[in-house]
Each structure stands twice: as structure tokens, then as C-alpha cells.
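Working through the structure, step by step
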Amino acid sequence: MNTSSDECRMSNDDGMTKSESRNASAGLRHLNIRISFVIRHSCVVIASAFHSCAYHVGWLWTRLLFGCIARIHVLGRENANCSGGFLLAANHISHFDPFLISVVVRRKIDWMTMAEFFRPRALGFLLRAIDAFPAERDRADRKTIRTAIDRLKNGRVVGLFPEGGIRDGVRSVLEGAPLRPGAATLAHIAGVPIQPCVILGSDRLYSAKQWLPLRRTPIWIAFGTPISHFPELQRSEARERIGSQLAAAFNNLYAELRRELQLTPDDLPHSPRERMKHCRASSRRGDLAVTGISNRSGWHANSENALRRFASGTVDSLLCASINFLHRRHRLNGSSREQMERYVVMCEALSPHQYYSAPNVIARNGESDSEPTVDGIRDSRMATLSWRSPIQTAFAANNVACVELFRTDARKWERMPTVFLLHALMSTSSTGYHRWAESFNELGWNACFVHLPYHFSRVPAGYWNGELAITPNLIRNAEALRQGVVELRQLMNALREHGCREFGVLATSYGGWIGALLATVEPDLRFVALMAPIVNVDHAIWQSPAARRIRHELIRANIEPSLVARHFPLSSPLHCVPRCDPARVLFVTGEFDSIAPAEQIAAIQRKWHGSELLRVRQGHFGHRMMRETITRLKARGDL
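As the structure is a prediction and not an experimental result, all values here were calculated from the model.

About the cut-offs
- Residues numbered from 1 in each chain as written.
- Predicted model: local features only at pLDDT ≥ 70, side-chain atom pairs only at ≥ 80, totals over all residues.
- Heavy atoms only, no water.
- Helix = DSSP H or I, 4+ residues; strand = E, 2+ residues; numbered from the N terminus.
- Buried < 20%, exposed > 50% of the residue type's maximum accessible area, 1.4 Å probe, protein only.
- Contact = heavy atoms within 4.5 Å.
- Areas by Shrake-Rupley, 256 points an atom, 1.4 Å probe, with all protein chains shown as cover.
- Phe/Tyr/Trp six-rings, centres within 6.5 Å; stacked < 30°, edge-to-face > 60°.
- Lys NZ or Arg CZ within 6 Å of the ring centre and 35° of its normal.
- Pairing = 2+ DSSP bridges.
- Right-handed = clockwise from strand over helix to strand, strands pointing away.
- Axes fitted to C-alpha atoms, helices over the stretch in contact; angles between N-to-C directions.
- Polar contact = N/O pair within 3.5 Å; in protein donor to acceptor, adjacent residues only side chain to side chain.
- Salt bridge = Lys/Arg side-chain N within 4 Å of Asp/Glu carboxyl O.
- Core = buried A, V, L, I, M, F, W, Y, C linked by side-chain atoms within 4.5 Å.
- 1 Å grid on protein atoms, 1.4 Å probe; cavity = no way out; pocket = protein on both sides within 12 Å on 5 of 7 lines; lining within 4 Å.
- Points joined across faces, edges and corners; volume = space filled by probe spheres on them.
- Nonpolar A, V, L, I, M, F, W, Y, C, P; charged D, E, K, R; others polar.
- pLDDT = per-residue confidence, 0-100.
- Patch = residues over 30% accessible without salt bridge, like charges linked within 9 Å, V, L, I, M, F, W, Y side chains within 5 Å.
- Lys, Arg positive; Asp, Glu negative; His and termini not counted.
- Charge placed at Lys NZ, Arg CZ, Asp CG, Glu CD.

**Some words on the overall build of the chain**
From N to C terminus, the chain includes 19 helices and 15 strands. Across the 639 residues in the chain, those meeting the buried criterion constitute 51%. Partitioning the contacts of the chain with sequence separation of at least 6, the portion at a separation of at least 24 is 74%. A total of about 31600 Å² of accessible surface is found on the chain, and carbon and sulfur atoms cover 55% of it.

**Structural notes on helix H2 (residues 97-104)**
Along an α-helix, a turn takes 3.6 residues, which lines up residues three or four apart on a common side. Across the eight residues of H2, seven count as buried, placing the element largely inside the fold. If you check which residues of H2 are buried, you get Asp 97, Pro 98, Leu 100, Ile 101, Ser 102, Val 103 and Val 104.

**Regarding the packing of aromatic side chains**
Throughout the structure, instances matching the rule amount to 13 aromatic pairs. Ring geometry for Trp 111 and Phe 161: centres 5.2 Å apart, planes at 10°, overall stacked. Of this pair, Trp 111 sits in strand E3 (residues 109-114) while Phe 161 sits in the loop between strand E5 (157-160) and helix H5 (182-190), and the two are 50 residues apart along the sequence. A centroid spacing of 5.9 Å and a plane angle of 85° characterise the contact between Phe 395 and Tyr 463, whose relative ring orientation is edge-to-face. Of this pair, Phe 395 sits in the loop between strand E8 (382-388) and strand E9 (400-406) while Tyr 463 sits in the loop between strand E11 (446-451) and helix H12 (474-496), placing them 68 residues apart in sequence. Among the aromatic residues, those joined into a cluster by ring pairs are Phe 66, Phe 96, Tyr 206 and Trp 211. Positioned above the aromatic ring of Phe 230 is the side chain of Arg 241, whose terminal nitrogen or guanidinium carbon lies 5.0 Å from the ring centre.

**Regarding the pairing of E11**
A large share of E11 lies buried, amounting to six of its six residues. Burial along E11 is two-sided: the face carrying Asn 446, Cys 448 and Val 450 and the face carrying Ala 447, Phe 449 and His 451 are both buried. Sheet analysis places E9 next to E11, joined by five bridges and oriented antiparallel. Looking at E11, one finds that Phe 406 is bridged to Ala 447. Across five bridges, strand E10 (residues 418-422) lies against E11 in parallel orientation. Within the sheet, the bridge partner assigned to Phe 420 lies in E11 and is Cys 448. Each parallel crossover has a hand, and for E10 linked through helix H11 (residues 431-442) to E11 it is right-handed.

**Side note on the sheet that holds strand E6 (residues 194-200)**
An order of E1-E7-E6-E2-E5-E3-E4 is seen for the seven strands of this open sheet, with the pairing classed as mixed. A single partner strand is all that each edge strand has here, and the edge strands are strand E1 (70-75) and strand E4 (133-135). On average, each strand axis in the sheet is inclined to that of its neighbour by 25°, with strand direction left out of account. Against the sheet, H2 engages E1, strand E2 (86-90), E3, E6 and strand E7 (217-223), with an angle of about 70° to E7.

**Some points on the side chain of Gln 210**
Looking at the element boundaries, Gln 210 is found in the loop between E6 and E7. A polar side-chain atom of Gln 210 sits 2.6 Å from a polar atom in the side chain of Thr 217. Not counting residues up to four positions away in its chain, the partners in contact with Gln 210 are Ile 69, Arg 204, Leu 205, Arg 215 and Thr 217.

**As for the pattern of salt bridges**
Scanning all chains against the criterion turns up 28 salt bridges. Residues Arg 566 and Glu 341 are paired through a salt bridge, measuring 3.3 Å at the closest nitrogen-oxygen approach. One end of the pair, Arg 566, is in the loop between helix H16 (561-565) and helix H17 (568-571); the other, Glu 341, is in helix H9 (residues 336-348), and 225 residues separate them in sequence. The class for Arg 566 is partly exposed, based on a relative accessible area of 32%. Asp 524 is the partner of Arg 496 in a salt bridge, and the nearest nitrogen-oxygen pair spans 3.6 Å. Here Asp 524 lies in the loop between helix H13 (510-519) and strand E13 (527-531) and Arg 496 lies in helix H12, a separation of 28 residues in the sequence.

**Digging into the nonpolar core**
Ranked by size, the top nonpolar core spans 76 residues in total, and within it Phe 420, Leu 422, Leu 495 and Tyr 510 carry the most contacts. Looking at which element gives the most residues to this core, the answer is H12, with 10 residues. Beyond its immediate stretch of four places on either side in the chain, Leu 495 contacts Val 374, Trp 413, Thr 418, Phe 420, Cys 448, Cys 500 and Phe 503. Listed in part, the 36 residues of the second largest apolar core include Ile 149, Leu 200, Tyr 254 and Leu 268.

**Focus on empty space enclosed by the protein**
In the structure shown here, the tally under the stated rule is one cavity of 30 Å³ or more. For the largest cavity, the calculated volume is near 60 Å³. Broken down by class, the residue content of the lining of the largest cavity amounts to eight nonpolar, three polar and no charged.

**Some remarks on the confidence of the model for the chain**
On average, residues of the chain score 84 in pLDDT, and 84% of them reach the 70 mark or higher. Note that residues 1-16 has pLDDT below 50 and, in this model, zero contacts with residues that lie over four places away or in other chains. Predicted confidence for residues 282-300 stays below pLDDT 50, and this span has 17 contacts to residues more than four positions away or in other chains.

**Considerations on the sheet that holds E11**
Read across the open sheet, the eight strands follow the order E8-E9-E11-E10-E12-E13-E14-E15; overall the sheet is mixed. Looking at the sheet topology across the chains shown, the edges are occupied by E8 and strand E15 (612-616). On average, adjacent strands in this sheet sit at an angle of 20° to one another, irrespective of strand direction. The pairing of E13 with strand E14 (residues 585-590) spans four bridges and is classified as parallel. Paired with Ala 529 across the two strands is Leu 586, which belongs to E14.

**Some details on a positive patch on the surface**
Taken together, Arg 128, Arg 142, Lys 143 and Arg 146 make up a surface patch of like positive charges. By residue number, the principal contributor to the positive patch is helix H4 (residues 142-153), which donates three residues.

**Section: the pairing of strand E12 (residues 503-508)**
The element E12 is extensively covered by neighbouring structure, given that six of its six residues are classed as buried. Going residue by residue along E12, you find Phe 503, Val 505 and Ala 507 tucked away on one face and Gly 504, Leu 506 and Thr 508 tucked away on the opposite face as well. Where E10 lies against E12, five bridges are found, and the strand directions are parallel. Each residue of the ladder has a partner; that of Thr 418, found in E12, is Phe 503. As judged from the five bridges shared by E12 and E13, these two strands associate in the parallel manner. Bridge pairing links Leu 506 to Ala 529 in E13.

Structure (C-alpha cells):
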């Protein structure tokens, strides 16, 4: 009996062991499935994180690179940043297009890329890392189509070029060439809209000189209104409707860019071969211009040219950085926009002659209290003239006009011609101008070194020389310009009373800006030499590298370009006409200037028909320009 009980107990024990074994096996299989799922899910998460990280690193690197060499103008940016999946379709003029478009679109773009680029292993790895996927150009690839549709249905953005390759001229959709039907088919099947995009200017980057520091090649990108995928239509009809609307959108955006930004024929698309050929031809022409000797090797000339451009760009960049740093402590307030509106409305009723006329300031004795006088000056050849400025500001030091007069002779100077020397913004020293003034004396000219507003003797305590002349406070900037022109006109009238009848202007940068405005209201000028002048206020505010902080403050204060542009007829020389004979005006530009670019100076030279343009191989800041300008004035017979 005991034995049978033990056997039964052993049997029960064996049965329990088998049951537990089966349960353990089932649990193990379930655990394996869970582990496998976790591993696969983890791999997906890791892969997604890797692709996201790779894309953002690439995006940041691209933004830094093209931020240094390109200046991108965007129209309709809000259209490209909508939510949900959509197909971004753009024209194609260079290999740089996807990078430039990705920089301005906030959302991640999965680019459909030619399969040839994936064949080199390293390049293929990088492209896949940023979620680009291959597409065959000469045939429809089902895998590519499935990939694109899956990503679009998952709410992602897919980018492609429906022209099928780089196109320009009559082969481009911008000139009416037909589109491939793939984009319309994808949009209809995936059930997503198409976002049309036109890019111009990127083909210039095939020219090596466009990659030099601070060249800032202009790029123009426009985004149109998204085009519906027409779910209510049959596939063939929908595809035809999408294709026709996409082609029309390309043509409309192309026309809008040309109209709004006033593009020239050179701005429009050219083939890569043309751009590279033009670069080589320009280099050959540049060799002769630099050397003046036909047998000098092109390599040495190109090296010298590149070195000079690099040095000029470095100096300009450092000085722009210092200007932007100073602007950081000049903030606009909440009422800046309303103040600007009132100021512009007041000025719109005035002509340039009225705006730059001195207000009649009356002292307690009933006489004018704001006029320069040269009576009773010392017998020395250099005399300092000072008077109360007719334009009063919030800074007492700036309210006293000051001019250093260098006379040809202390007693026989009154009937000699007089030149006004107008210095640059934040000039560090007047010593060089004093030397040039003495040189003019030797040529039989009186010379006036003018302390422009907020400079030299007119600097308020606690500020740098010229710091307050140009800040985000556009009203103060305009009043400083007005103050400078009005005081010059006062000085001219005082000298006329003493027999001076001929006047000249030799001005640099900020002084050139004031000198150009003086030429719009004064006819009695023998010559006007403007070296690297600020002539286009629109460019100076919204594009110049020296005004980055100004742009930031204006945008923050909701001061839009259209409001600022209403003052251009009074403050922007490019938007004015000279009152003096344009043939007396000499514009001088630095070929490597990034602050007052050569194309801006060339534009006003063409508008002021009859004026002359002299090109000098330097940046905005340099010492060659003054010497070459004086030489040219002598050759013209002005001195």
C-alpha cells in the first residue's frame, strides 16, 4: 500500500513536470516573439533616429556653407511649410538645387535622386542616410514609385524634378518645354497636393569665383500655391489636369520672379558649360586688366587676384562683424513702427529741395542762430569753423557742426575753388584726410574736412566714433543724412558770400552717400567723386552684411520693406536724379566690395546717364581707391 502510494505520487509528480515543461516552452516562444519584436522595433527607432540626425547635420552644414557664399531671396515661403504629406516639384538648373531648396524649407525633404549617384558606395551611403532614394531616368521603376507613395501617405515631403534632369533654354519648363507625367501620377495615386517651386541663380555656382568669401551669389526661389490631386477625376483626366496646372504654375512663378526682383538676362538660367566657360573667359580678361602685360603667366595673375580678393573679403568681413556687434546695443521699442509711419507720412509731402533746406533757427536777438561764418578767422592756413546745426538732435555734442578749412593761402584764398572731403562711416583718424587736404592746396584748391554727424568732434560721450550715424533707428539715420547735406549747403552759401564759386566733392562710403544726395539738390559742383558710396538704401538695409542686426530689429518691430521704401525718393541716391550735370560725377567702386557691391554702383552710373565709373581692385575698405580717384580726376581735367 505504501508502495502504490509512492508510485502514484511519483506519477503525479511526473505529470506536473510535463505540464510545466509545455507551459515553459510556450512561454519561451512568446518571449522570443516579444524579444524579436522589441529588437525589430528598436532597429526601426535607431534607424529613424540615425536618418533624422544625419539629415539635420547635413542641413546645418549646408546652411552654413551656402550662408557664406549665397544670398537667398524667397517668395511664398509660407506655401512650402504646410503640414501633411505633399510632393515638391521644382525646375532643375544645377546640381545645387536640392541643397538650396532644402535650406529654405523647414520640413525634411526626401529627394528622389538619379540612380547613378547611388553607385559609388560612399556617396550612396550618404544619400540613403538623409533618406534620399534612387530613381531611374529612362524607365519607370516600381520600387521607386512604391517608396515615394509610401512616404507621401505617411505624411512626408518628397522632392523631385519633373524635367528629368538639368535643363535650360528651350529645353526648360520655364520656357514652355513639356513636363514628364510622373509627378502628376504620383500625386494622384498618393492623394497629396503638388507644391510648385522655381529656383533661379544656382547655375552661377558652377563658376569658381562665386565660391570666394563674401561673394554672396544671389539665389531666387519662389513657391506657388499647392495644386490639388483632383480625387474626383479619373486617373488620366486628373493627370492631365495636374500637369497643365503645374506647367502654368512654373510659368507664373518664373514671371513673378523676373518682375518683382527685376532680374537681368544674366540672372536667368544658363547651362553649366556656359557658366564655366564664362568664368574662364573672365579670368583671361582679368589677367590683362591686372598686369597690363600680355606675356605674364595666367597662373600668377589669377593667384594675385584671388589673394587680393581674399584679403579684401577678410577685412570687409571683420569690419562688418564689428558694426553688427555695436548695433546689438541699439534696440527698437514697441512704438518704433508708429513713429516710422508718422515720419514717412510727413516726409512724403516734401521735395528733395524742401527736405534738404535749412530750417530758420532764430536766436533771442531775432537773428539767425545757425549759420557758419568765415569772418575773423585766423591768418593760419588751417582754420576751424563751427556753428549751431539747424537740425537739432537728442545729443548736444552732435548739435554743433564742425569743419576744418585748409586754405591755399591765408590771405588769397577766397576766389579759389573748394573741395569738400567727406569721410567714411566710423573713420578711425583724420590724419589721412589732412594730408590729402594739403595735396589739394598744392593744386590750388581750398579743402574742407567736414565732421559728419556723430563723428570726430560730434561724438556723444559713451559712444564710438560714428556709432550713432547708422543704427536700427532709421529715423535717426535719415535725420543724420539730412543734417549732413543741410550743413554742407550752409557752408557752400557762406563760401559763396566770400567769392568762392567752384566746388568739388571727394567722398567715401557714408560720406559718398551724403555727397550723392548733395548732388541731387546742388547744381553748382565742378566734380563729384564718390568712392564706394552707399547708393541703394534697399540693398544697404535688407541685403548688406553690415546690416544683419538692423534687419533683425526691423523685423522684430514689424517695420516692413514697403514702409521704408516710401522714403527712398529722399534718401536713396539710386531712386533720385542729380541736379548737377551727371557728366561731372565719377563713381568709383571696389571690385571685391561686399557692402556697396560693384553692381549697385554700376546701376546708378547707368541711371545717372553721362556719369563715369572707375573700378579699383579692392574691397569696401582700402587705400588704393583714393589714390586712383585723384589720378583719374587729374586725367579728366577736374583738378
